[in-house]
Amino acid sequence: MMKKKTTKAKTSFATALIAAMLAVLGMLTTPAVGSASTSEAAYPVSSFRLPYGASLLAGEITWYDRSVHITGSVKAVSTGKTAWFLGESPNCLVGPETRTASVGETRGFLVDIPCNYPGGITIVYVRMYDVQGNYLRGDICTRNGCVHQD
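Let me begin by describing the structure that accompanies this report. Every value quoted in this text rests on a predicted model; they were computed, and no experiment measured them. (Residues numbered from 1 in each chain as written. Predicted model: local features only at pLDDT ≥ 70, side-chain atom pairs only at ≥ 80, totals over all residues. Heavy atoms only, no water.)

### Comments concerning the sheet that holds strand β7 (residues 123-130)
One key point about sheets: their strands pair by backbone hydrogen bonds, in either a parallel or an antiparallel sense. Taken together, the five strands give an open sheet; going across it, the order is β5-β4-β7-β8-β9, and neighbouring strands pair in antiparallel fashion. In the strand order of this sheet, the two ends are held by β5 (93-101) and β9 (145-148), each with one partner. Neighbour-to-neighbour, the strand axes of the sheet open up by a mean angle of 20°, direction not taken into account. (Pairing = 2+ DSSP bridges. Helix = DSSP H or I, 4+ residues; strand = E, 2+ residues; numbered from the N terminus. Axes fitted to C-alpha atoms, helices over the stretch in contact; angles between N-to-C directions.)

Here it is in structure tokens:
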């Protein structure tokens, strides 16, 4: 005599089959772990650090194909300080972009400088001014790093 399969066995098999199919679909649609950091790592990053007394302008420039992304902060201690950025290439002159911190303040910033030509921005001038517009410190940055201007 043949035994009839139970509903429980059919349900377990169906559940296992659905779980296996979802796992396969997940592997096909989910990006590999670390893929975002791998693509970000493909872009050069230059760091700048411009101290002036107890004040400080510091950050990083990420060099993309047609733009640069600048992040960091400007800290003002004795008087207000202004961070100043200008992007340049044979095809573009963009800026200046400025961010100012008042006395006793540290202000974070995000600055994007576009250049919609192959090669994008090739030089970024990074400068610190006081609130009266007096030049204090500067760096000239490329994809290979930053060099003090003063």
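Text resumes after the structure shown.
### Regarding the pairing of strand β2 (residues 55-63)
The two faces of a sheet get side chains in turn, since along a regular strand they alternate between them. Most of β2 is tucked away: seven of the nine residues are buried. In terms of strand pairing, strand β1 (residues 45-52) meets β2 through eight bridges, oriented antiparallel. Considered in β2, the bridge of V45 is made with T62. Note: β2 against strand β3 (residues 67-75), eight bridges, orientation antiparallel. The residue bridging G59 from the neighbouring strand is G72, located in β3. Here β2 hands over to β3 after three residues, the two strands then running antiparallel side by side. (Buried < 20%, exposed > 50% of the residue type's maximum accessible area, 1.4 Å probe, protein only.)

### Observations regarding the packing of aromatic side chains
Applying the stated criterion across every chain, the model contains five aromatic pairs. Seen from their ring centres, F85 and F109 are 5.2 Å apart, and the 55° between their planes marks the pair as tilted. Here F85 is found in strand β4 (residues 81-88), whereas its partner F109 is found in strand β6 (residues 106-114), with 24 residues between them in sequence. Side by side, F85 and F109 carry an identical accessibility label, which is buried. Considering the side-chain rings of Y129 and Y135, the 5.8 Å spacing of their centres and the 75° angle between planes classify their relative orientation as edge-to-face. (Phe/Tyr/Trp six-rings, centres within 6.5 Å; stacked < 30°, edge-to-face > 60°.)

### Digging into the sheet that holds β1
Strands sit in the order β1-β2-β3-β6 across an open sheet of four strands; the sheet is antiparallel. Whereas interior strands pair on both sides, the edge strands pair on one side only; in this sheet they are β1 and β6. Adjacent strand axes in the sheet meet at a mean angle of 15°, parallel and antiparallel pairs treated alike. Pairing of β3 with β6, which is carried by nine bridges, proceeds in the antiparallel orientation. Note that in β6 the partner of G72 across the bridge is F109.

### Examining the environment of N144
The topology assignment puts N144 in the loop between β8 (135-142) and β9. Given the relative accessible area of 79%, N144 is considered exposed. In the structure, N144 is positioned 97 residues away from S47 in sequence and 10.0 Å away in space, judged by C-alpha atoms.

### Quick notes on the pattern of salt bridges
What the rule picks out here adds up to one salt bridge. R99 is the partner of E97 in a salt bridge, and the nearest nitrogen-oxygen pair spans 3.3 Å. (Salt bridge = Lys/Arg side-chain N within 4 Å of Asp/Glu carboxyl O.)

### Remarks on the state of the cysteines
Evaluated as defined, the whole model comprises two disulfides. Disulfide pairing is shown between C92 and C115; the S-S distance is 2.1 Å. An S-S torsion of about 80° defines the bridge between C92 and C115 as right-handed. Here C115 lies in the loop between β6 and β7 and C92 lies in the loop between β4 and β5, a separation of 23 residues in the sequence. Comparing C92 with C115, the two get one shared label, buried. Each disulfide pairs two cysteine sulfurs, and for C141 the partner residue is C146, the sulfurs being separated by 2.1 Å. Residues C141 and C146 share a disulfide whose torsion about the S-S bond is about 110°; that sign makes it right-handed. According to the relative accessible area criterion, C146 is partly exposed, its value standing at 24%. (Disulfide = S-S within 2.5 Å.)

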